[in-house]
Structure formats: C-alpha cells, structure tokens
Amino acid sequence: MEPPQPQVQVQVQRDNNPNPNPNPNPSPIRSTGGIWPTIDGPLGLSEEESVSYARRFYKFGFALLPLLWAVNCFYFWPVLRQSRSFPRIRPYVVGSAVGFAVFSTLICTWALTFSLGGERLFGPVWDQLVMYNLADRLGLTAWS
C-alpha cells in the first residue's frame, strides 16, 4: 500500500497589468543604492580618485594618445550619460568624447583619402607620399 501523497495548494495571484515590472524604480543605476562615477559601480574609484583619473586621461590624450580619450569615455560612462551627476568629472569626460570624435573623424578622413584617392587624386606627388617604394628608392631591395 502506498502512503498518501500530501497535496499542495498553489494560489495564483492575477494582475491586470499587461507589463508587470518587479522593479518599481525605472533607473537600474539608482536601484543599486547609489550613483557611481565609473562603470565598476561600488568596486570602482571614489569621486576624488575619479576626478584625478579623468583629468589624467584627458590631458594625456593630447600627448598623441587619443585612445585614452576613448578609455576615459568608456570608464566614466555613467558620468557621460547623466548630465547632472558629478559636475567636477563631467568636463573632462565630455572633452574626451569630443576629442576622440574629432580624432576619429580626422584619421578616417585621412585613411579614406589615401585609400580611395591614391594616385588619381595626388598625381605625380603620390610617389613621394607613399612608403611602399621607399626600399626601392634607397636601394635596399637588391640581394647582392
């Protein structure tokens, strides 16, 4: 003979809302308990350290290291996204975003000009601009 099975009663609560949201706070950043200046959240830097890092990344971007501007924008994305948060950090992050956009535009324009224009665009000066014939000009291709 089998022992009797206990019966479990399940109560289903009906909600008339077609799009239920378990999180009443619409901002995922605020729901974590605070707004953080870095993408690391509470594991990242304090506000004082963040100002120092953002300033360094911004200034070193002018030292022919414009990819640091992209790193600055990525790392301080919450500051870039929210216009009223961290007013001491924001000028460096926005400046980095503008600097990286200008740098990217210039480098893409330069690359497209040389790759698409080439000899048709530059004419006889093309041989002096390109580097692939530098070895021929200096006599470095002879094997003797």
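So, how was this worked out
- Residues numbered from 1 in each chain as written.
- Predicted model: local features only at pLDDT ≥ 70, side-chain atom pairs only at ≥ 80, totals over all residues.
- Heavy atoms only, no water.
- UniProt positions renumbered as here; feature names shortened; annotations may be inferred.
- Helix = DSSP H or I, 4+ residues; strand = E, 2+ residues; numbered from the N terminus.
- Buried < 20%, exposed > 50% of the residue type's maximum accessible area, 1.4 Å probe, protein only.
- Core = buried A, V, L, I, M, F, W, Y, C linked by side-chain atoms within 4.5 Å.
- Contact = heavy atoms within 4.5 Å.
- Salt bridge = Lys/Arg side-chain N within 4 Å of Asp/Glu carboxyl O.
- Axes fitted to C-alpha atoms, helices over the stretch in contact; angles between N-to-C directions.
- Parallel < 35°, antiparallel > 145°, perpendicular 65-115°, else oblique.
- Left-handed = near helix turned anticlockwise from the far one by under 90°.

Looking up the protein in an unreviewed UniProt entry gives the name Gamma-secretase subunit PEN-2, with the organism given as Stylosanthes scabra. The Subcellular location (unreviewed entry) comment attached to the protein in UniProt states, word for word, "Membrane". A UniProt comment under Sequence similarities (unreviewed entry) is attached to the protein, and it reads "Belongs to the PEN-2 family."

> Can you walk me through the overall build of the protein in this structure?
Scanning the protein from N- to C-terminus turns up six helices and zero strands. Helices and strands appear in the protein in the N-to-C order α-α-α-α-α-α. Out of the 144 residues belonging to the protein, those deemed buried represent 22%.

> So what exactly am I meant to see when it comes to the nonpolar core here?
One broad rule of soluble globular proteins: the nonpolar side chains tend to lie buried together. Leu45, Val51, Ala54, Phe57, Tyr75, Phe76, Val79, Phe86, Ile89 and Val93 together form the largest nonpolar core, which totals 10 residues. With near-sequence residues (within four places) excluded, Val51 lies in contact with Arg88 and Ile89.

> Help me understand the UniProt feature "transmembrane region" (unreviewed entry) in the protein, please; the structure alone is not making it clear to me.
Per the UniProt record, "transmembrane region" (unreviewed entry) is found at residues 60-80 and 92-112. In the segment residues 92-112, helix accounts for 100% and strand for 0%; the C-alpha atoms at its two ends are 30 Å apart.

> I keep staring at the pattern of salt bridges and nothing clicks. Help me out?
Oppositely charged side chains can form a pair if their charged atoms are brought close together. A complete count under the given rule lists one salt bridge for this structure. A salt bridge links Arg88 to Glu48; its shortest N-O distance comes to 2.9 Å. Taken as a pair, Arg88 in the loop between helix 3 (77-81) and helix 4 (90-122) and Glu48 in helix 1 (residues 47-61) lie far apart in primary sequence, 40 residues in all.

> Where do I start with helix 2 (residues 67-75) in this structure?
Helical geometry note: an α-helix holds 3.6 residues per turn, so side chains three or four residues apart project in the same direction. Taken as a whole, helix 2 has its buried residues at Trp69, Asn72, Cys73 and Tyr75. Structurally, helix 2 contributes buried residues whose contacts are with helix 1, helix 3 and helix 4.

> In this structure, what is going on with unusual backbone geometry? I would like to understand it.
Working note: non-glycine residues mostly have negative phi, and peptide bonds are mostly trans. Its identity is not glycine, yet Phe86 carries a phi of approximately 50°, on the positive side. Looking at the secondary structure, you find Phe86 in the loop between helix 3 and helix 4.

> Got a minute to help me understand the packing of helix 1 against helix 4 in this structure?
Helix packing geometry: the angle between the two helix axes and the distance between the axes. At a closest axis distance of 9 Å, the pairing of helix 1 and helix 4 adopts a crossing angle of 30°. As judged from the angle between their axes, helix 1 and helix 4 are roughly parallel. Note that helix 1 runs across helix 4; the crossing there is left-handed. In this structure, helix 1 contributes Ala54, Arg55 and Tyr58 to the contact, and helix 4 contributes Tyr92, Gly95 and Ser96.

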